[in-house]
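What follows is each chain in one-letter form.
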Amino acid sequence: MSSQQQRIPELKEALAQSFEAVLEYVQNQDDADFLRRIDKKWSTGRQLDHLVKSVVPLNNALRLPKFMLWIMFGSSARQERNYDELVSTYQNVLKKGGQATGRYVPDQTIQSEKKELLAKFQKEKKKIVRNLDLWSEQSLSTYRLPHPPLGKGYPVPSGHSCAGRNICIENKRAQQKS
């Protein structure tokens, strides 16, 4: 196994841990906090809905033949970014008013949807970990997918699910302050 290919299990483990952190956080959150908005930000329920809506197309893209991704999105001449750089860029875009658009805007959630959203997120976690078996490290670095607020040219996978973990952690801190 090449050294590049050895990084795929690490990526799968990191993604699985990020998904699990979100799942555990939401599962342990009481009903009122699941629906509570803080400082005009999305509730945890809406954040979870957004993450589900974001990871579904990523999983669909991971199953496409790679030449289709190249035809649809090309490849990027941009230097590959590490996780911390990607999260920093994403947070800066949000600070400047960047928002989800179109199909990625979460619906208003109600308490009865909590189990359904958790089940969908768990299902997508299993898919993304399984779908990564179809990819080499080099392919993940070569092919790009668009990220609506960030633009074209982000490596596959975009890291959105890892950023979701940070969103839930930030929401938890905000709740502790209030």
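Residues numbered from 1 in each chain as written. Predicted model: local features only at pLDDT ≥ 70, side-chain atom pairs only at ≥ 80, totals over all residues. Heavy atoms only, no water.

1. As for the pattern of salt bridges
Per the stated rule, a full pass over the model turns up seven salt bridges. The salt bridge partner of Lys120 is Glu116, with a shortest N-O separation of 3.2 Å. A residue pair is termed a helical-turn pair when its members lie 3 or 4 positions apart in one helix, as Lys120 and Glu116 do in helix 6 (residues 114-131) at four residues. What makes Lys120 partly exposed here is its relative accessible area of 38%. Among the residues examined, Glu116 registers a relative accessible area of 44% and is labelled partly exposed. (Salt bridge = Lys/Arg side-chain N within 4 Å of Asp/Glu carboxyl O. Helix = DSSP H or I, 4+ residues; strand = E, 2+ residues; numbered from the N terminus. Buried < 20%, exposed > 50% of the residue type's maximum accessible area, 1.4 Å probe, protein only.)

2. Looking at the confidence of the model for the protein chain
Low-confidence regions, as indicated by low pLDDT, have predicted coordinates that should not be scrutinised in detail. In the predicted model, the protein chain carries a mean pLDDT of 81, and 80% of its residues have values of at least 70. In this model residues 1-5 is a low-confidence stretch, pLDDT under 50, and it forms six contacts with partners more than four residues away in sequence or in other chains. For the stretch residues 165-171, pLDDT sits under 50, and the model shows 15 contacts to residues farther than four places along the chain or on other chains. (pLDDT = per-residue confidence, 0-100. Contact = heavy atoms within 4.5 Å.)

3. Focus: the nonpolar core
Counting 27 residues, the largest nonpolar core has Val26, Leu48, Phe121 and Ile128 as the members making the most contacts within it. When contributions to this core are tallied by element, the ones reaching two or more residues are helix 1 (3-27), helix 3 (44-63) and helix 6. Per element, the largest residue contribution to this core is eight residues, and it comes from helix 1. If we skip the residues at most four places from it in the chain, Leu48 touches Val22, Val26, Leu117, Leu118 and Phe121. (Core = buried A, V, L, I, M, F, W, Y, C linked by side-chain atoms within 4.5 Å.)

4. Regarding helix 5 (residues 83-95)
When the terminal C-alpha atoms of helix 5 are compared, their 18 Å separation across 13 residues agrees well with the 18 Å that a helix rising 1.5 Å per residue should span. Every buried residue of helix 5 is listed here: Leu86, Val87 and Tyr90. Angularly, the buried residues of helix 5 cover 95° about the axis, an arc narrow enough to put them on a single face. For helix 5, the exposed residues set more than 90 degrees away from the buried face come down to Asp84 and Lys95. (Expected span 1.5 Å × (residues − 1). Arc of directions from axis to C-beta.)

5. With respect to the packing of aromatic side chains
Overall, the coordinates contain two aromatic pairs when judged by the stated rule. Geometrically, the ring pair formed by Phe19 and Phe121 is stacked, given 4.5 Å between the ring centres and 20° between the ring planes. Taken as a pair, Phe19 in helix 1 and Phe121 in helix 6 lie far apart in primary sequence, 102 residues in all. A relative accessible area of 0% means that Phe19 is categorised as buried. Taking the relative accessible area as the measure of exposure, Phe121 reaches 0% and is therefore buried. Here Trp135 and Tyr143 contribute two aromatic rings whose centre-to-centre distance is 5.9 Å and whose plane-to-plane angle is 80°, an arrangement assigned as edge-to-face. Each member of the pair, Trp135 as well as Tyr143, is classed as buried. Between the NZ or CZ atom of Lys66 and the centre of the ring of Trp135, over which it lies, the distance is 4.3 Å. (Phe/Tyr/Trp six-rings, centres within 6.5 Å; stacked < 30°, edge-to-face > 60°. Lys NZ or Arg CZ within 6 Å of the ring centre and 35° of its normal.)

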